[in-house]
Structure formats: structure tokens, C-alpha cells
Amino acid sequence: MTACLVLAGGDITVVREEPQAGEDRIEIVGSVDEGITAARWSPDEELLAITTKAETLVFMSRSFEGVTDVAMTSEDLKASNHVSVGWGKKETQFKGKGAKAMRDPTMPEKIDEGVLSSNDDSRANISWRGDGAYLALSTIEGGARRVIRVYSREGVLDSVSEPVDGLEGALSWRPVGNLIAGIQRLDDRVDVVFFERNGLRHGQFTLRLSSEQLHKPEEYIKLGWNSDSTVLAVVMGDHTELWTMGNYHWYLKQVINTEILLASSPLVWHPEKPLRFLTASSG
């Protein structure tokens with residue numbers, strides 16, 4: 001067995017349980033001078049995706065050879081091509097008696113601009129689609145807006161998410177591929193929000209949080225789909241919620257109260273037993 005450690009300082013290290021002749025037990029196999037902000041192996045373990053502090057996405061092979069690297073810039077936001085479906089400026093809107101009745105119910109009353117959540121942890125996050133053909137990457141663009149970019153495994157930018165106010169860094173792509181889950185923090189609630197691969201919003205549900213939980217400082221929520229896409233874990237500092245969907249409605253199936261969880265990888269689903277997961281607490 002070999003463990004791969006990707007360190008924020010930039011080193012990529014392997015630790016071999018039983019090194020072969022001529023191999024070191026611990027070996028630095030690569031290094032990124034600028035430093036690393038996130039890393040994730042593809043489901044087939046053939047590619048390691050890394051984001052750097054120089055705003056680049058790097059793909060490495062399983063032998064740690066560089067495959068491709070892509071610069072992330074504000075120009076990427078043009079790839080969203082999302083049509084503004086609002087009502088335009090207030091001063092140009094019709095305000096007669098029948099204005100409300102005339103309003104198209106499919107059009108939102110307010111257009112989000114992508115205002116950052118006050119509770120954003122500023123981290124980058126990577127989540128691969130179950131078949132490994134695409135990955136989603138959540139970062140803060142220009143210090144002003146949380147953006148989800150979707151790339152093919154060849155490093156081609158596929159889409160960029162539409163602006164969502166209060167979008168945080170939590171990210172989990174449903175293995176079957178139809179939904180990318182994120183967290184949106186509003187003044188009076190926290191929602192789990194969903195995006196399609198093209199970056200467009202596709203539904204949400206509201207977490208059942210008390211007022212105290214809602215305004216807990218540094219509550220960095222994490223998300224994780226199980227292997228068969230039937231359960232979404234919502235991991236918080238003092239408890240974990242397990243949600244399932246049926247007939248387009250979301251159901252809270254279980255709440256697991258925990259001690260303060262370790263900050264790194266607080267929940268890992270079993271790859272073959274869908275209803276089993278591993279977690280760790282500081283106790």
C-alpha cells in the first residue's frame with residue numbers, strides 16, 4: 001500500500017508500506033514552488049488534480065508526471081454565458097396595477113451577483129464526477145466571488161457557475177453525475193444548493209438549523225455523496241446530517257451528534273458499502 005501526501009507548502013510525498021528494492025519508504029516525488037491549495041485523485045486513480053497558489057490547475061499522472069496545467073483567470077467567467085433573466089433596472093420596470101400579475105413566475109425577482117459569504121473559509125475545493133470524465137473546482141475569484149469551474153480530465157474548461165450570493169466552498173459532485181452540491185448561506189437560513197454540469201442552478205433544500213447553529217462562527221460545512229448517490233452527508237462541527245431524496249423531495253434521515261471532528265477529511269464514505277462511512281473525532 002502507498003499513501004500520497006500532498007502538502008500545502010508544495011511537496012508531493014509518497015509513503016510506502018513495503019518499499020521494493022531501491023525504493024525509499026518516504027520519497028518526495030514532486031514539488032510545486034508556488035504552494036498547493038487543493039488536491040484530489042480521480043476515481044480511477046490515474047490523475048491527480050492539484051490547484052496552486054498561482055491560480056493554476058495541474059493534472060499529474062499516477063507516476064507524478066505533469067500531464068497539463070491550466071491558468072484560472074477572470075476571463076473564464078465569460079464561459080458561463082448565462083443569460084440575465086431579471087427585470088432590468090428598477091426605474092425601467094412597469095409598476096402599474098397589473099405589474100405583479102404580468103410577471104413571469106419562472107423569472108427570479110432578484111438576480112444574484114455572487115456576494116461572498118461572511119463565513120467563507122477561502123479554501124479551494126475539488127470534486128470529481130463518478131466516472132472521472134470531469135471535475136468541479138470551487139475557488140474565490142478576484143477576492144470577490146465564489147466560482148465553480150468544471151473541467152474535462154484533459155484540462156479543458158467546460159463551464160462556470162452562475163453567480164450565487166453567499167455560496168461557500170463546500171463541494172460534492174453526485175457520483176451518477178447529474179448534480180453538483182454546494183452550500184449557500186443567507187441571513188436567515190443555510191441551503192444546500194445544486195448545480196448542473198453547465199453551471200446553472202438546479203434546486204435546493206434548507207438545513208434545519210437552530211438560530212445558534214445558524215450564526216455559529218467558523219462553521220465550515222462540508223458535503224459528501226455516498227458511492228451509490230443515494231445519501232448526501234452534511235457535516236458540521238457538532239453533528240452530521242444524512243439526507244435522501246424521493247419524488248423530488250429531500251428527507252432528513254438521520255442526525256449523528258459528534259464531538260468536535262478533526263478538520264481534515266471528517267467523513268469518508270466506503271467505496272463499495274454505500275451506507276458505511278469513516279469519521280474521526282478529537283477524542
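Please read these numbers as outputs of a predicted model, since none were measured by experiment.

Draft legend 1. Region of interest: the side chain of T51. With respect to the helices and strands, T51 occurs in strand β5 (residues 47-52). A relative accessible area of 1% places T51 in the buried class. Looking at T51, its side chain comes within polar contact range of the side chain of T37, at 2.7 Å. The residues touching T51, leaving out its near neighbours within four places in the chain, are G35, I36, T37, A38, T56, L57, M72, A124, I126 and L137.

Draft legend 2. Seen up close, the sheet that holds strand β6 (residues 56-61). Overall, antiparallel pairing links the four strands, which are arranged β4-β5-β6-β7 in an open sheet. Across the chains shown, the open sheet's two edge strands, defined by having one partner strand only, are β4 (36-41) and β7 (66-71). Taken pair by pair, the neighbouring strands of this sheet meet at an average axis angle of 15°, ignoring direction. As judged from the five bridges shared by β4 and β5, these two strands associate in the antiparallel manner. Residue pairing across strands places R40 opposite A49, the latter belonging to β5.

Draft legend 3. Seen up close, the nonpolar core. Counting 19 residues, the largest nonpolar core has V192, F194, L207 and L232 as its most contacted members. Contributions of two or more residues to this core are made by β13 (180-185), β14 (190-195), β16 (222-225) and β17 (232-235). Here the element with the most residues in this core is β14; it accounts for three residues. In this structure, A38, L47, L57 and L135 belong to the second largest nonpolar core, which totals 13 residues.

Draft legend 4. Region of interest: the sheet that holds strand β1 (residues 2-6). As summarised here, the arrangement of the three strands in space is β1-β2-β3, forming an open sheet in which the pairing is antiparallel. Single-partner strands in this sheet number two, and they are β1 and β3 (26-31). When the angles between neighbouring strand axes are averaged without regard to direction, this sheet yields 25°. The sheet contact formed by strand β2 (residues 11-16) and β3 spans five bridges and is antiparallel. Bridging across to β3, V15 finds its partner in I26.

Draft legend 5. View of the confidence of the model for the protein chain. The predicted model of the protein chain has a mean per-residue pLDDT of 86, with 86% of residues at 70 or higher. Confidence over residues 83-94 falls short of pLDDT 50; this stretch has 14 contacts with residues more than four positions distant or in other chains.

Definitions and cut-offs
Residues numbered from 1 in each chain as written. Predicted model: local features only at pLDDT ≥ 70, side-chain atom pairs only at ≥ 80, totals over all residues. Heavy atoms only, no water. Helix = DSSP H or I, 4+ residues; strand = E, 2+ residues; numbered from the N terminus. Buried < 20%, exposed > 50% of the residue type's maximum accessible area, 1.4 Å probe, protein only. Polar contact = N/O pair within 3.5 Å; in protein donor to acceptor, adjacent residues only side chain to side chain. Contact = heavy atoms within 4.5 Å. Pairing = 2+ DSSP bridges. Axes fitted to C-alpha atoms, helices over the stretch in contact; angles between N-to-C directions. Core = buried A, V, L, I, M, F, W, Y, C linked by side-chain atoms within 4.5 Å. pLDDT = per-residue confidence, 0-100.

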